[in-house]
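A structural walkthrough
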Amino acid sequence: MNRWCFATGVLFLAAVAARAHHIWIIPDGPSGPKARAVFSDYLEPDGSDLLDKVAHTKLWVRDRAGKESSLAWKKREDSFLLDIPGEGERTVGGECVYGVETYDHRLRKKIDPYLLAYYPKTVVGLAGEAKPWDRLSLEIVPAVSGDEVRFRVLFRGKPAPHAEFLVHPTEGERKDFKTDDKGEIKVTANKGGAYGFRTRVIEEKAGEHGGKKYGAVRHYASLVLHLGAKPAGGKK
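1. Some points on the layout of surface pockets
- Of the voids in this model, the largest pocket is the one considered here, and its volume is about 300 Å³.
- Along the wall of the largest pocket there are 20 residues; nearest its centre are Ala 20, His 21, His 105, Leu 116 and Tyr 118.
- Counting only elements with at least two residues in the lining of the largest pocket, the list comes to strand E9 (90-104), strand E10 (109-119), strand E18 (193-203) and strand E21 (217-227).
- The element best represented in the lining of the largest pocket is E9, accounting for four residues.
- Grouping the amino acids of the lining of the largest pocket by side-chain chemistry returns ten nonpolar, three polar and seven charged.
- Considering only enclosed or pocket space, the second largest pocket measures out at about 220 Å³ in volume.

As structure tokens, this is what we get:
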């Protein structure tokens, strides 16, 4: 299993990926009960001009027992606000079919048309291992054990080996990794705060959306967790 350590908010290794926008659901604390969602490359607002493009995102909340209900957010100037109902462990997840795109932000050039889909997620009140959620085609499933967090990347319920895995520490630059042969990666956080995680799977599947044809689907999943500080002298 791949393992990395966050040292005083900085994750050592790898290169910074190119800038692009993604949906992040950021709870106001480890247990909620409120959160805001931003459409940005980072865990902070990036203006309001693109919010309308993701306003149609479908949202749900699920408790530890598996009970689900629909959720709605309220648009503000540069973000969306939402309440996370219930107590204990709750997962908020979403699905946003953004549309057909022809620009690659990493290559900084036009490419063949592809369908772009986002799956934002957060878990509050997490005290162990979260459960997978079949509502989300692509998701990051966390399991917390002390100061370590193990992540599984699942695509349509199956492990996604060697998938890109991008990390936004609570401080410092974001870093880019890949999951192992089992679609897993383990990290150690020793500074408390909100951390963002993102992954991508490209599905070679042609189709049509909104009257536009595409030759592949780019699935992006994000996860935001509040992680605690690692005890002094803890294992790396």
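Still more to cover.
2. Quick word on the pattern of salt bridges
- Applying the stated rule across the entire model yields 15 salt bridges.
- With a closest N to O distance of 3.0 Å, Glu 89 and Arg 64 form a salt bridge. With Glu 89 in the loop between strand E8 (80-83) and E9 and Arg 64 in the loop between strand E5 (58-63) and strand E6 (68-71), this residue pair connects regions lying 25 residues apart in the sequence.
- Classification of Glu 89 as buried rests on a relative accessible area of 12%.
- Overall, Arg 64 belongs to the partly exposed group, its relative accessible area being 38%.
- What emerges from the salt-bridge pattern is a single network uniting Glu 129, Arg 150, Arg 152 and Glu 184.

3. As for the pairing of E9
- As paired strands, E5 and E9 are joined by six bridges and run antiparallel to one another. Note on E9: the bridge partner recorded for Trp 60 is Gly 93.
- Taken together, the four bridges between E9 and strand E11 (residues 121-124) define a ladder with antiparallel strand orientation. Looking at the pairing, Val 92 lines up with Thr 122 of E11.
- Judged from the seven bridges that link them, E9 and E10 form a sheet pairing that is antiparallel. When the bridges of E10 are listed, Tyr 103 appears paired with Lys 110.
- Linkage of E9 to E10, two consecutive antiparallel strands, is achieved through a turn of four residues, within which Arg 108 is found at a positive phi near 55 degrees.

4. Quick notes on unusual backbone geometry
- In this chain, Gly 32 is followed by Pro 33 through a cis amide linkage whose omega measures 0 degrees.
- Residue position: Pro 33 is located in the loop between strand E3 (22-27) and strand E4 (34-40).
- Notably, Arg 156 is not glycine yet its phi reads approximately 50 degrees, a positive angle.
- By the secondary structure assignment, Arg 156 is in the loop between strand E13 (148-155) and strand E14 (158-159).
- Arg 156 gets classed as partly exposed once you look at its relative accessible area, which sits at 44%.
- In the Ramachandran plot, His 162 falls in the positive-phi region, its phi being about 60 degrees despite a non-glycine side chain.
- Here His 162 is to be found in the loop between E14 and strand E15 (164-168).
- Take His 162: its relative accessible area is 48%, and that puts it in the partly exposed class.

5. Brief notes about the sheet that holds E3
- Strand order in the open sheet formed by four strands is E3-E4-E8-E7, with antiparallel pairing between adjacent strands. In this open sheet, the two edge strands, each paired with only one partner strand, are E3 and strand E7 (74-75).
- Across two bridges, the pairing between E7 and E8 is antiparallel. Bridge pairing links Lys 74 to Leu 81 in E8.

Calculation notes
- Residues numbered from 1 in each chain as written.
- Predicted model: local features only at pLDDT ≥ 70, side-chain atom pairs only at ≥ 80, totals over all residues.
- Heavy atoms only, no water.
- 1 Å grid on protein atoms, 1.4 Å probe; cavity = no way out; pocket = protein on both sides within 12 Å on 5 of 7 lines; lining within 4 Å.
- Points joined across faces, edges and corners; volume = space filled by probe spheres on them.
- Helix = DSSP H or I, 4+ residues; strand = E, 2+ residues; numbered from the N terminus.
- Nonpolar A, V, L, I, M, F, W, Y, C, P; charged D, E, K, R; others polar.
- Salt bridge = Lys/Arg side-chain N within 4 Å of Asp/Glu carboxyl O.
- Buried < 20%, exposed > 50% of the residue type's maximum accessible area, 1.4 Å probe, protein only.
- Pairing = 2+ DSSP bridges.

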